[in-house]
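Observations on the model geometry
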Amino acid sequence: MLCVMNTSSGSDKSTRDVQTASATRTDVTAAWRQHAEQLPLQQWPTGALYVVATPIGNLADMNLRAIYALQLADVVAAEDTRTSRTLLQAWGIETPLLPAHRHNEATAAQAIIARLAQGQRVALVSDAGTPAISDPGARIVHAVRAAGYRVIPIPGPSAVIAALMASGMTSDENPAFLFAGFPPPKKHARQQWLQQWCRLPVPVVMYESPHRLETTLRDLLAECGPGRQVTLARELTKRFEEITTLPMSEAGGWLREHAHRSQGEFVLIVEGAPAASGALDARADELLQALLETLSVKDATRLAARLTGTPRDVLYQRALELRGQAEEP
Ligand code: SAM
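This text gives an overview of the structure that appears in the document. No experiment lies behind these values; they were computed from the predicted model shown.

Re the overall build of the protein chain
- Helix and strand counts for the protein chain stand at 14 helices and ten strands.
- Taking all 329 residues of the protein chain together, 33% fall into the buried category.
- In the protein chain, once contacts between residues fewer than 6 apart in sequence are set aside, the share between residues at least 24 apart is 71%.

Laid out in structure tokens, this is it:
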């Protein structure tokens, strides 16, 4: 759902700041107009697909190139034409729309390629954010490129990046983060999936739908342990945006603290595993799991250390985690 952030409700300082900004608005508008006037002088090839990012909540996050590409296009291929119609109307754009969703991507790709062959410009949008990132579009982009036509990205809002930007979870280390997408809905698959990400010494970004969030947080607690930090980024760029980072053990409580919290859209960022546990490779982990089926934590750790050369304290920590998981109901 698109909405414009209300910045005028504050009193004192924040209102003054908004008023000061308003006083200089004419300058900004002039600069905006100047940049808009220069846009037609940039490269806008015909027979090309323009992949356009759109706001993830706040309409004002549309950028000039996105607006111009959507205006200039002969047609806008949209995940949901009604949702995109609202966006286009908000910006006074009258370009016709054609449906391009998960269930018709192959046929939509052919229709788009036929238009590109006629020298048209086609824009591709999803309901919100960046197309082809956990959204339809990838197959269309692939088919268009395979057919030899140019694909031009118009970057902009993305929930992954917005959440990372404000999380404090990133660092100068490489890899800086890993984007895992949506957890599988089925319990066993989800637990295994979370287990693999929890082992990595890298912040992992996930999307989750509000009705599955509580279950996913419970599984994350079991797989990553209570001390691991998690960022919950809710309703990004919207009026009730909330971004919090807290230990995994407190995430469920935070969610239940206010009834409204379990609604809205969420990005989760799981802190990377501590270097020691991240150093445990998959083979050592498997061996440890097998040994724990018959041996005590101490004996399994000693034997696994001897067989794999992995430091004993790393294995011991992991053995405790595994034993803890096995004993949960
Ligand atoms: N392609 C989109 C992008 O680039 O942001 C993501 C589309 S994916 C189908 C939708 C998921 O993105 C939601 O379930 C949620 O996890 C996340 N998301 C989208 N908008 C969000 C927002 N405003 N705040 C928090 N999460 C958001």
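There's plenty left to go through after this.
Looking at the site of the ligand
- Close to the ligand lie 22 residues, the nearest being Gly129, Thr130, Ala159, Tyr207 and Leu236.
- Put simply, the parts of the chain that give the shell around the ligand at least two residues each are strand E7 (204-208) and strand E10 (266-270).
- Looking at side-chain class alone, the shell around the ligand contains nine nonpolar, eight polar and five charged residues.

Considering the nonpolar core
- Ala163, Val205, Val267, Ile269 and Val270 are the most contacted members of the largest nonpolar core, which totals 34 residues.
- Secondary-structure elements contributing two or more residues to this core are helix H7 (159-165), helix H8 (187-198), E7, helix H9 (210-224), strand E8 (229-234), helix H10 (248-257) and E10.
- In contact with Ala163, other than residues within four places in its own chain, are Val205, Thr231, Ala233, Leu236, Val267 and Ile269.
- Core analysis: the next-biggest nonpolar cluster, separate from the first, contains 30 residues, Val51, Ala53, Leu87 and Ala123 among them.

Things to note about the sheet that holds strand E2 (residues 75-78)
- With parallel pairing, the five strands of this open sheet are ordered in space as E3-E2-E4-E1-E5. In this open sheet, the two strands that pair with only one neighbour each are strand E3 (97-99) and strand E5 (150-154). Between one strand and the next, the sheet's axes are offset by a mean angle of 25°, whatever the strand orientation.

Some words on the packing of H8 against H9
- Remark: H8 packs on H9, axes separated minimally by 9 Å, with the N-to-C direction vectors making an angle of 50°. When the axes of H8 and H9 are compared, the pair comes out oblique. Where H8 crosses over H9, the two elements pack in a sense that is right-handed. On H9, the residues that touch Arg190, Gln191, Leu194, Gln195 and Cys198 of H8 are Asp219, Leu220, Glu223 and Cys224.
- When its residues are assigned to classes, the contact of H8 with H9 shows four nonpolar, two polar and three charged.

Comments concerning the sheet that holds E7
- What the five strands build is an open sheet, ordered E6-E7-E10-E8-E9; its pairing is mixed. With one partner strand each, in any of the chains shown, strand E6 (178-181) and strand E9 (242-247) form the two edges of the open sheet. Across this sheet, the average inter-strand angle for adjacent strands is 20°, counted without regard to direction.
- Pairing between E8 and E9: six bridges, direction antiparallel. Bridge assignment links Leu232 to a residue of E9, and that residue is Thr244.
- Across the face of the sheet, H9 comes into contact with E7, E8 and E10 while running at roughly 5° to E10.
- Strands in contact with H10 are E8 and E9; relative to E9, the strand with the most contacts, it is inclined by about 140°.

Looking at helix H4 (residues 81-90)
- What H4 keeps buried is the set Ser84, Leu87 and Leu88. Take H4 and look down its axis: the buried residues cluster within an arc of 95°, on one side only. Residues Arg82 and Gln89 are exposed on H4 and point more than 90 degrees away from its buried face.
- Turning to H4, the residues buried within the fold contact helix H3 (64-72), E2, E3 and strand E4 (121-125).
- Gly92 occupies a position one or two residues after H4 and carries a positive phi of about 65°.

Looking at H8
- With twelve residues, H8 should reach 16 Å at 1.5 Å per residue; the first-to-last C-alpha distance of 16 Å fits that figure.
- Every buried residue of H8 is listed here: Leu194, Trp197 and Cys198. All buried residues of H8 lie within an arc of 95° about the axis, which places them on one face of the element. The outward face of H8, more than 90 degrees from its buried face, is lined by the exposed residues His188, Ala189, Gln192 and Gln196.
- Of the surrounding elements, those touching the buried residues of H8 are E6, E7, H9 and E10.

Criteria and cut-off values
- Residues numbered from 1 in each chain as written.
- Predicted model: local features only at pLDDT ≥ 70, side-chain atom pairs only at ≥ 80, totals over all residues.
- Helix = DSSP H or I, 4+ residues; strand = E, 2+ residues; numbered from the N terminus.
- Buried ≥ 20, exposed ≤ 12 C-beta atoms within 10 Å, placed from the backbone.
- Contact = placed C-beta atoms within 7 Å.
- Near = placed C-beta within 6 Å.
- Nonpolar A, V, L, I, M, F, W, Y, C, P; charged D, E, K, R; others polar.
- Core = buried A, V, L, I, M, F, W, Y, C linked by C-beta atoms within 7 Å.
- Pairing = 2+ DSSP bridges.
- Axes fitted to C-alpha atoms, helices over the stretch in contact; angles between N-to-C directions.
- Parallel < 35°, antiparallel > 145°, perpendicular 65-115°, else oblique.
- Left-handed = near helix turned anticlockwise from the far one by under 90°.
- Arc of directions from axis to C-beta.
- Expected span 1.5 Å × (residues − 1).

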